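# Tertiary structure, described
As a plain string of letters, each chain reads:
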Amino acid sequence: MSVDSAELAGYEDVIADYEPVMGMEVHVELATATKMFCGCANRFGAEPNTLVCPVCLGLPGSLPVLNASAVESAIRIGLALNCDIAPWGRFARKNYFYPDQPKNYQISQYDEPIAVNGYLDVPLDDGTTWRVEIERAHMEEDTGKLTHLGSDTGRIAGATTSLADYNRAGVPLIEIVSKPIEGTGARAPEIARAYVTALRDLLRGLGVSDVRMDQGSMRCDSNLSLKPIGAAEFGTRTETKNVNSLKSVEVAVRYEMRRQAAVLNSGGTVTQETRHFHEDGYTSPGRSKETAQDYRYFPEPDLEPVAPSAELVDRLRQTIPELPWLVRKRIQQDWGISDEVMRDLVNAGAVELVAATVEHGASSEAARAWWGNFLVQKANEAEVELESLAITPAQVAAVVKLVDEGKLSNKLARQVIEGVLAGEGEPEQVMTDRGLALVRDDSVIQTAVDEALAANPDVAEKIRGGKVAAAGAIVGAVMKATKGSADAARVRELVLAACGQSG
Ligand SMILES: [Zn+2]
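Just so you know, these numbers come straight off a predicted model, no measurement behind them. Numbers given to residues run from 1 along each chain, matching the order in which its sequence is written. Only residues with pLDDT of 70 or above have their local features reported here, since the model is predicted, and side-chain atom pairs are shown and tallied only from 80 upward, although totals for entire chains, interfaces and linings are computed over all residues. Side-chain measures here rest on the full set of heavy atoms in the structure, leaving out hydrogens and waters.

### Observations regarding the overall build of the protein
Helix and strand definitions follow DSSP, with helices as H or I runs of at least four residues and strands as E runs of at least two, each counted in order from the N terminus. Across its full length, the protein carries 16 helices and 14 strands. Every radius of gyration here is taken over C-alpha atoms, with the globule rule written as 2.2 Å times N^0.38, N being the number of residues. Since a compact globule built from 503 residues should have a radius of gyration of about 23 Å, the 30 Å found for the protein marks it as more spread out than a globular shape. For the C-alpha atoms alone, the extent of the protein along its principal axes is close to 95 × 55 × 50 Å. In the protein, the proportion of contacts linking residues at least 24 apart, taken out of those at least 6 apart, comes to 68%. In this description, accessible areas are obtained by the Shrake-Rupley approach with a 1.4 Å probe, and a residue is regarded as covered only by the protein chains that are shown. When the accessible surface of the protein is totalled, it reaches about 24400 Å², and 50% of it is carbon and sulfur. When the 51 positive and 72 negative side-chain charges of the protein are each reduced to one mean point, those points stand 2 Å apart. We call two residues in contact whenever any of their non-hydrogen atoms come within 4.5 Å of each other. Only four residue types enter the tally: Lys and Arg on the positive side, Asp and Glu on the negative side; His and the chain ends are excluded. The atoms used to mark charge sites are NZ of Lys, CZ of Arg, CG of Asp and CD of Glu.

As structure tokens, this is what we get:
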């Protein structure tokens, strides 16, 4: 199956006739050391079913114990989203039978969420902001992960075997639910993407999650309905599940707008259902949407209510950092760089690293150049995030200082950084151990120049005869003889002087 464009309305036509109404539900796995209700490690990528215990496997007689650090993260997220923090609330059991959840119910918050009634001012590309109202943020536990084998799609339909991994079962989750996002018109897809991007940056800034959409630690469900322009009532909505990249958020919203408009234009009605998002840019029907009654929620009897004190909430409020995009705006002005350069640094995850390097005394130009070029390349080669490289901003600043002092050329500095990355020690030590310091002593360079000229008499003759361009070969020979530790510009001067040319 693929996109059948005959079933889609033109985007301009959609906008002319309908007003889109969106609702975003974002699930975020918290980066706590342990799971929500047991002491199992909360870690991605372990061997299947190695991070489990009687509690998260739902064995009879086991009892949950609430993770205080997860509650603090939830409160901090609520505060960062300008929500009211509930002084008292219970967990609930959401009952359903499915093998990703061995207890046959999920512990969640239903009608008593920890945070309600907030907003996020989302920065848009044109420099304006769009306020997305937040209905609630609540705590729940993640489910296990099912892997279906034998079907073309990797989904359960047609599968011959299904494998269950419960390492993820019981990992703390926060679900952030927006209020209906109205009035966006043609900008709906852009605003959906900007909202999820802002949420990701905010949560990363809070340090509560690694927000990796590719690894599922941040997952987005996007709800969309259309109403005829001027109509008061919302249309029927669909919920596109697990849209797992920022680009896909935009694509999914746009696709659903065009699909629903085509259905409505042909006199049909939109079916309320969940839909699957496909990476090649379309959605397909999933199951019809359950209602809350289907889950038979009731208060979880095995856990005490969550009742954060006003003192705790105040203390956590002090830990909320400035919004990351406001920090970036200020940094961008300080550094005097264009939006494009800034965007590249943001995308590379380099902004905080460059800022820290500047704090250690490097110029912003030099710090940007190292992190934004050479070190990004090293991170790509090693297939790790920039911040995971084995070099600190202080060490990069030390390298910049050695270059500024004339002890290293940029080329030699790259070798020093490679040494640091290889665990050979601090920059100065790597420079000494590898014998990389620039030769500042003219007499050493002069000897090498004399030797190179003597070894290449024909080239020397050309230079003496006025072919200054031929000097490059001698400079190259000297650089080779000094293992790159001479200053090439100085070598050239000495070569030309030795051949009676002024340069
Ligand atoms: Zn466990």
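### Describing the environment of Tyr166
Relative to the assigned elements, Tyr166 resides in the loop between β8 (161–165) and β9 (172–178). Between the alpha carbons of Tyr166 and Val52 there is a distance of 6.6 Å; along the sequence they are 114 residues apart. When near neighbours in sequence (up to four residues on either side) are disregarded, Tyr166 contacts Lys35, Asn49, Leu51, Val52, Leu57, Pro99, Asp100, Gln101, Pro102 and Gly144. Within the local environment of Tyr166, its side chain forms a polar contact with the backbone oxygen of Pro99, the two atoms lying 2.6 Å apart. Any pair of nitrogen or oxygen atoms within 3.5 Å is treated as a polar contact; in protein, a donor-acceptor pairing is required on top of that, and neighbouring residues in sequence qualify only through side-chain atoms on both sides.

### Examining the coordination of the zinc ion
Under ideal tetrahedral coordination, the four donors around a metal are separated by 109.5 degrees; under ideal octahedral coordination, the six donors are separated by 90 or 180 degrees. Coordinating N, O and S atoms are those within 2.8 Å of the metal (3.2 Å for Na, K and Ca), and as water is not part of the atoms, a site may appear to have fewer donors than expected. Protein coordination at the zinc ion comes from Cys38 (SG), Cys40 (SG), Cys53 (SG) and Cys56 (SG), with a distance range of 2.3 to 2.4 Å. Irregular is the default label, applied whenever a site is not tetrahedral (four donors, all angles between 85 and 135 degrees) and neither square planar nor octahedral (four or six donors, opposite donors over 155 degrees apart, all other angles between 65 and 115). Bound by 4 donor atoms, the zinc ion shows angles of 99 to 115° at the metal and therefore tetrahedral coordination geometry. Binding-site remark: the zinc ion is held by donors from one chain whose sequence spacing is C-x1-C-x12-C-x2-C. Highlighted residues: Cys38 in the loop between β1 (18–29) and α2 (68–80) and Cys53 in the loop between β1 and α2, separated in sequence by 15 residues. For the pair formed by Cys38 and Cys53, the shared burial category is buried. For every residue, the accessible area obtained with a 1.4 Å probe (protein chains only) is divided by the maximum for its type, and the residue is called buried under 20%, exposed over 50%, and partly exposed between those limits.

### Details of the packing of helix α15 (residues 471–481) against helix α16 (residues 488–498)
Convention adopted: a line fitted to C-alpha atoms gives each axis, helices being fitted over their contacting stretch, and angles between N-to-C directions are expressed from 0 to 180 degrees. Direction vectors running N to C along α15 and α16 enclose 125°, while the axes themselves pass 9 Å from each other. The angle between the axes of α15 and α16 places the two elements in the oblique class. Taken as a pair, α15 and α16 cross one another with a handedness that is right-handed. Packed against α15, whose contacting residues are Ala471, Ile474, Val475, Val478 and Met479, the element α16 presents Ala488, Val491, Arg492, Val495 and Leu496 at the interface. Each angle gets one of four labels, with under 35 degrees taken as roughly parallel, over 145 as roughly antiparallel, 65 to 115 as roughly perpendicular, and the rest as oblique. By convention the crossing between two helices is left-handed if the near helix lies anticlockwise of the far one by an angle smaller than a right angle, and right-handed if it lies clockwise.

### Considerations on the pairing of strand β13 (residues 282–288)
Side-chain positions along a regular strand alternate between the two faces of the sheet. Bridge count for strand β12 (residues 273–278) against β13 is 5 bridges, and the pairing is antiparallel. Across the sheet, the residue bridging to Phe277 is Thr283, located in β13. Criterion used throughout: strands pair if DSSP finds at least two bridges between them. Here β12 folds back onto β13, and the loop between the two strands holds 3 residues, one of which, Gly281, carries a positive phi near 100°.

### Here's the deal with the side chain of Ser209
Mapping Ser209 onto the fold places it in the loop between α3 (188–206) and β10 (218–228). Here the side chain of Ser209 touches Glu29 through a polar contact of 2.8 Å, landing on its backbone oxygen. The residues touching Ser209, leaving out its near neighbours within four places in the chain, are Val28, Glu29, Ala31, Leu203, Arg204 and Ser217.

### Focus on the pattern of salt bridges
It is possible for side chains bearing opposite charge to pair when their charged atoms get close. By definition, a salt bridge exists where a carboxyl oxygen of Asp or Glu is found within 4 Å of a side-chain nitrogen of Lys or Arg. Here the structure, examined in full by the defined rule, presents 30 salt bridges. As a salt-bridge pair, Asp121 and Arg131 come within 2.8 Å of each other at their nearest N and O atoms. Note that Asp121 is positioned in strand β5 (residues 115–123) and Arg131 in strand β6 (residues 129–141), a separation of 10 residues in sequence. Ionic pairing is found between Arg259 and Glu256, a salt bridge with its closest N-O pair at 2.8 Å.

### A closer look at the pairing of β12
Buried residues dominate β12, accounting for 5 of its 6 residues. Bridging between strand β11 (residues 238–243) and β12 involves 4 bridges; their strand directions are parallel. By the bridge assignment for β12, Glu239 is matched with Thr274.

### Some thoughts on the side chain of Gln260
On the secondary structure map, Gln260 appears in helix α4 (residues 246–265). Side-chain polar atoms of Gln260 contact the backbone oxygen of Leu224, separated by 3.1 Å. Looking at Gln260, its side chain comes within polar contact range of the side chain of Thr238, at 3.0 Å. Discounting residues that sit within four places of it in the chain, Gln260 has contacts with Leu224, Ser225, Leu226, Thr236, Thr238 and Val270.

### Here's the deal with the environment of Leu421
Within the secondary structure, Leu421 is located in helix α11 (residues 410–421). Assessed through its relative accessible area of 21%, Leu421 is described here as partly exposed. Between the C-alpha atom of Leu421 and that of Ile391, which follows or precedes it by 30 residues, the distance is 5.9 Å. Sequence-distant contacts of Leu421, defined by excluding residues within four places in its chain, comprise Leu375, Lys378, Leu389, Ala390 and Ile391.

### Looking at helix α9 (residues 364–382)
Taking 1.5 Å of rise per residue, 19 residues should cover 27 Å, and α9 covers 25 Å from first to last C-alpha, within 8% of that figure. In α9, a bend of some 40° at Leu375 exceeds every other bend along the element. Residues of α9 that are buried sit in contact with α6 (324–335), α7 (339–347), α8 (351–359), α10 (393–404) and α11. A positive phi of about 55° marks Glu383, the residue just after α9. Multiply 1.5 Å by the residue count of a helix minus one, and that product is the helix's expected span. Here the bend at a residue means the angle between the axes of two seven-residue stretches, the one that ends at it and the one that starts at it.

### Examining the nonpolar core
In globular proteins that are soluble, nonpolar side chains generally tend to be buried together. As used in this record, nonpolar core signifies buried Ala, Val, Leu, Ile, Met, Phe, Trp, Tyr and Cys residues forming a set joined through side-chain atoms within 4.5 Å. In this structure, Ile176 and Tyr195 are the most contacted members of the largest nonpolar core, which totals 73 residues. The biggest single contributor to this core is α3, with 11 residues. Apart from the residues within four sequence positions on either side, Tyr195 is in contact with Met24, Val26, Leu120, Val122, Val132, Ile134, Ile176 and Ser178. Counting residues in hydrophobic clusters, the runner-up holds 37 residues, among them Ala350, Ala355, Ala362 and Ala413.

### With respect to α15
Since one α-helical turn is 3.6 residues long, residues separated by three or four positions face the same way. Taken together, the buried positions of α15 are Ala471, Ile474, Val475, Val478 and Met479. Down the axis of α15, the buried set is contained in an arc of 140°. They therefore lie on one face. Residues of α15 that are exposed and point more than 90 degrees away from the buried face comprise Ala473, Lys480 and Ala481. Residues of α15 that are buried sit in contact with α13 (442–455), α14 (457–464) and α16. Positive backbone phi, at 50°, marks Lys483, one or two positions downstream of α15. Note: the arc covers the axis-to-C-beta directions of the helix.

### As for the UniProt feature "domain: Asn/Gln amidotransferase" (unreviewed entry) in the protein
UniProt positions are given in the numbering used here, feature names are shortened, and annotations may be inferred rather than shown by experiment. The UniProt feature table records "domain: Asn/Gln amidotransferase" (unreviewed entry) at residues 352–499. The span residues 352–499 is 69% helix and 0% strand, and its two end C-alpha atoms sit 50 Å from each other.

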